[in-house]
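# Analysis of the macromolecular model
What follows is the residue order along each chain.
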Amino acid sequence: MKEIKNFLSNNESEYLIRMIDKYAAKSMVVGAGEKMNEYNLSRTSYTANLVANDPTVESLHKRIAKYLGLNIKKGESLQGQRYEAGQYFRDHQDYFKGDSYQRNCLSSGNRTYTFMLYLNHNFEGGSTNFPHLKKEIKPEQGKAVVWNNLQHGHINEYMTHGGTEVTYGTKYIITSWWRENQWDGAGDQKEYEKKLKSKQLSII
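Just so it is clear, the model here is predicted, and its values are computed rather than measured.

### Description of the nonpolar core
Residues Leu60, Ile64, Phe115 and Leu117 are the most contacted members of the largest nonpolar core, which totals 23 residues. Of all elements in the fold, only helix H1 (10-23), helix H2 (55-68), strand E8 (111-118), strand E12 (144-148) and strand E17 (171-179) reach the threshold of two or more residues within this core. Counting residues per element, this core draws most heavily on H2, at five residues. Not counting residues within four places of it along the chain, the set of residues in contact with Ile64 comprises Phe7, Leu78, Phe115, Leu117, Ser176 and Trp178. Counting residues in hydrophobic clusters, the runner-up holds twelve residues, among them Val29, Met116, Trp147 and Val166.

### Focus on the pattern of salt bridges
Tallying each qualifying case throughout the model produces ten salt bridges. One salt bridge in this structure joins Arg111 and Glu76, with 2.8 Å as the shortest N-O distance. Taken together, the residues span a long stretch of sequence, with Arg111 in strand E8 and Glu76 in the loop between H2 and strand E6 (79-83) at a distance of 35 residues. Here the two residues Arg111 and Glu76 agree in accessibility, since each one is buried. The residue Arg82 makes a salt bridge to Glu84 at a minimum N-O spacing of 3.3 Å. Take Arg82: its relative accessible area is 13%, and that puts it in the buried class. Assessed through its relative accessible area of 29%, Glu84 is described here as partly exposed.

### Observations regarding the side chain of Asp188
Counting through the fold element by element, Asp188 comes out in helix H4 (residues 185-197). Other than its neighbours up to four places away in sequence, Asp188 contacts Gln102, Arg103, Asn104, Cys105, Leu106, Ser107, Ser108 and Arg179.

### Observations regarding the packing of H1 against H2
Direction vectors running N to C along H1 and H2 enclose 115°, while the axes themselves pass 11 Å from each other. At the point where H1 passes H2, the crossing takes the left-handed sense. Between H1, through Glu12, Tyr15, Leu16 and Met19, and H2, the contact on the second element is made entirely by Thr56, Val57, Leu60 and Arg63. In the contact of H1 with H2, the residues fall into five nonpolar, one polar and two charged.

### So, the packing of aromatic side chains
A full pass over the atoms with the stated rule returns four aromatic pairs. Aromatic side chains Phe7 and Tyr67 sit 6.2 Å apart centroid to centroid with 90° between the ring planes, which places their arrangement in the edge-to-face category. With a gap of 60 residues between them, Phe7 in the loop between strand E1 (2-4) and H1 and Tyr67 in helix H2 connect regions that are remote in the sequence. Take Phe7: its relative accessible area is 11%, and that puts it in the buried class. A residue is classified by how much of its surface remains accessible, and Tyr67, at 35% relative accessible area, is partly exposed. Where Tyr67 meets Phe115, the ring centres are 5.9 Å apart and the plane angle is 70°; that geometry is what we call edge-to-face. Residue Tyr67 is found in helix H2, and its partner Phe115 is found in strand E8; the two are separated by 48 residues along the sequence. Among the residues examined, Phe115 registers a relative accessible area of 0% and is labelled buried. Note that Arg90 overlies the ring of Tyr88, its terminal NZ or CZ placed 3.6 Å from the centroid. Positioned over the ring face of Trp177 is Arg111, at 4.0 Å from the centre of the ring.

Calculation notes
Residues numbered from 1 in each chain as written. Predicted model: local features only at pLDDT ≥ 70, side-chain atom pairs only at ≥ 80, totals over all residues. Heavy atoms only, no water. Core = buried A, V, L, I, M, F, W, Y, C linked by side-chain atoms within 4.5 Å. Buried < 20%, exposed > 50% of the residue type's maximum accessible area, 1.4 Å probe, protein only. Helix = DSSP H or I, 4+ residues; strand = E, 2+ residues; numbered from the N terminus. Contact = heavy atoms within 4.5 Å. Salt bridge = Lys/Arg side-chain N within 4 Å of Asp/Glu carboxyl O. Axes fitted to C-alpha atoms, helices over the stretch in contact; angles between N-to-C directions. Left-handed = near helix turned anticlockwise from the far one by under 90°. Nonpolar A, V, L, I, M, F, W, Y, C, P; charged D, E, K, R; others polar. Phe/Tyr/Trp six-rings, centres within 6.5 Å; stacked < 30°, edge-to-face > 60°. Lys NZ or Arg CZ within 6 Å of the ring centre and 35° of its normal.

Everything listed here is a matter of coordinates, which is why it stays silent on function.
Right under this line is the structure:
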């Protein structure tokens, strides 16, 4: 896990905050069984899918790919999150396993890296905690945090993390996830449905 200061400029951050506010909707988590996604009290923030062909978003995505040394086609679309006072995201992992792996990874593969960016720090609370590492990351405008969700092809449970409750103000971040193969959400769903049809899987 690594922290990178000044990955984003103030102007970029302010622009992306406005985009998040425009498209934000209540956040969901990966569901189980028949549910692709679901609302859950473990995550109380808002999420915005950023406009992929927007020049600022496109430039940022390319910059992240270059830093990681990965083909940009392995990157999921960028998402923004907004946490208002009282909101949080309990400890979780970004990789998929079990039924969620079958739903989301049969074509794209699992998530290899997470690249998270803080867009502001004029709020209280809202740190990012890694309990297994006993590490607390303090938000700082423009700072990025990157970690690996897989290690030698196996899930890296040490990267369990959570966003603590914001106690004052509003926190904005961007999250970028990267896959083992080219990201293809439609392909993942297609492969999952093929397995269901052939009775290689059962919905619990």
